[in-house]
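Chain by chain, the residues:
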Amino acid sequence: MTKTVVLTGAGVSAESGVPTFRDARGLWEGYQVDEVATPRAFRARPDIVHAFYDARRASLETVEPNPAHVALARLEAGLGDELLLVTQNVDDLHERAGSTGVLHMHGQLRSALCVGCDVRSPWTGPLGDGPDCPACGAPELRPDVVWFGELPYEMDRIFAALDEAELFVSIGTSGAVYPAAGFVQYAAARGARTLELNIEPSEGTHWFHEARHGPASVLVPEWIDRLLG
Ligand code: APR
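Residue indices follow the written sequence of each chain, beginning from 1 at its first position. pLDDT decides what is reported in this predicted model: residues at 70 or higher carry local features, side-chain atom pairs at 80 or more are listed and counted, and totals for whole chains, interfaces and linings draw on all residues regardless. Neither water nor hydrogens contribute to the side-chain values; these are computed over all heavy atoms in the structure.

K.L.:
It is not clear to me how the overall build of the protein should be interpreted in this structure. Could you clarify?
P.N.:
Numbering of helices and strands starts at the N terminus; helices are DSSP runs of H or I of at least 4 residues and strands are runs of E of at least 2. The secondary structure content of the protein amounts to nine helices and nine strands. With the C-alpha coordinates of the protein rotated into their principal frame, the extents come out at 50 × 35 × 30 Å. Burial status follows relative accessibility: with a 1.4 Å probe on protein chains alone, a residue under 20% of its type maximum counts as buried, one over 50% as exposed, and anything between as partly exposed. A buried classification covers 50% of the 229 residues belonging to the protein. Charged-residue counts in this description rest on Lys and Arg as positive and Asp and Glu as negative, His and the chain ends being excluded. In plain terms, the charge of a residue is placed at NZ if it is Lys, CZ if Arg, CG if Asp and CD if Glu. Side-chain charges of the protein comprise 18 positive and 32 negative groups, with the mean position of each set lying 2 Å from the other.

See below:
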């Protein structure tokens with residue numbers, strides 16, 4: 001039974017060198033979201049969309065998990081099935097820190113989704129050169145990421161966990177993108193205590209019972225050390 005649900009966003013990976021989305025010099029600063037992160041953009045200009053995600057996938061080779069990811073892996077080791085770690089991040093830094101049960105609600109850069117057969121394949125190289133799907137052979141692979149206008153993955157499992165949760169913790173997310181931004185209200189309405197850990201107050205900070213402000217690499221290990229005793 002899930003007692004603790006943790007939601008992470010771009011802020012948890014910021015100190016690893018992965019750009020966030022909405023900060024000054026954030027990822028969306030140089031791009032129009034609807035040119036690279038919508039199904040319509042992919043239909044109109046797949047070359048631009050692939051170039052954007054191919055570059056982000058390649059950049060994962062230059063970053064490492066930080067103490068926040070490492071602490072969250074320790075939390076999983078301590079709580080086992082009582083923890084659900086949900087991330088909006090498409091990087092693999094939670095896994096590289098040792099977390100095994102991460103729910104990637106916005107998909108993953110190191111995964112390709114076949115538009116032809118719907119099968120996902122682990123993927124580390126580029127997709128822009130039109131490689132064949134390992135499952136069906138069709139050259140129809142797209143980034144396995146959830147674009148604006150698409151439904152995030154595994155929402156049923158997330159809401160079922162929020163129904164049971166006694167504690168909901170949001171780490172390094174702006175609270176600007178739904179449905180994730182609504183998890184705090186949902187969890188609180190079902191009786192969970194709610195805690196925000198963010199470098200500054202998020203857009204949804206007033207929904208939380210408690211908010212602590214500072215870098216994730218400091219706040220997250222502190223919180224987990226205290227929780228695990
Ligand atoms: N420690 C803690 N929090 C941080 C740090 C840090 N070192 N650095 C930045 N932050 C906070 C910012 O203050 C901001 O509130 O992390 C948050 C990052 O917000 P966004 O850039 O909006 O990222 P996120 O909330 O994950 O975005 C949600 O939106 O663009 C889509 O699909 C994309 O998954 C993404 C979703």
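Read on, since the account is not over.
K.L.:
Looking at this structure, how should I read the site of the ligand?
P.N.:
Residues are counted as near a molecule or strand when any one of their heavy atoms sits within 4 Å of it. Near the ligand lie 23 residues; those nearest to it are Phe21, Arg22, Trp28, Thr173 and Ser174. The definition of a polar contact used here is a pair of N or O atoms within 3.5 Å, where within protein one atom must be able to donate a hydrogen and the other to accept one, and adjacent residues in sequence count solely through side-chain atom pairs. The contact in question runs from an oxygen atom of the ligand to an N or O atom on the backbone of Gly172, over 3.3 Å. Residue Ser174 places a side-chain N or O atom 2.6 Å away from an oxygen atom belonging to the ligand. Alone, the ligand offers 740 Å² of accessible surface; in the complex the protein occludes 94% of this. Polar here means any residue other than Ala, Val, Leu, Ile, Met, Phe, Trp, Tyr, Cys and Pro, which are nonpolar, and Asp, Glu, Lys and Arg, which are charged; Gly is therefore polar. Residues that form the shell around the ligand fall into these classes: nine nonpolar, 10 polar and four charged. Using a 1.4 Å probe, the Shrake-Rupley method yields the accessible areas, and only the shown protein chains count as cover for residues.

Function cannot be read off these values alone, since they describe shape.
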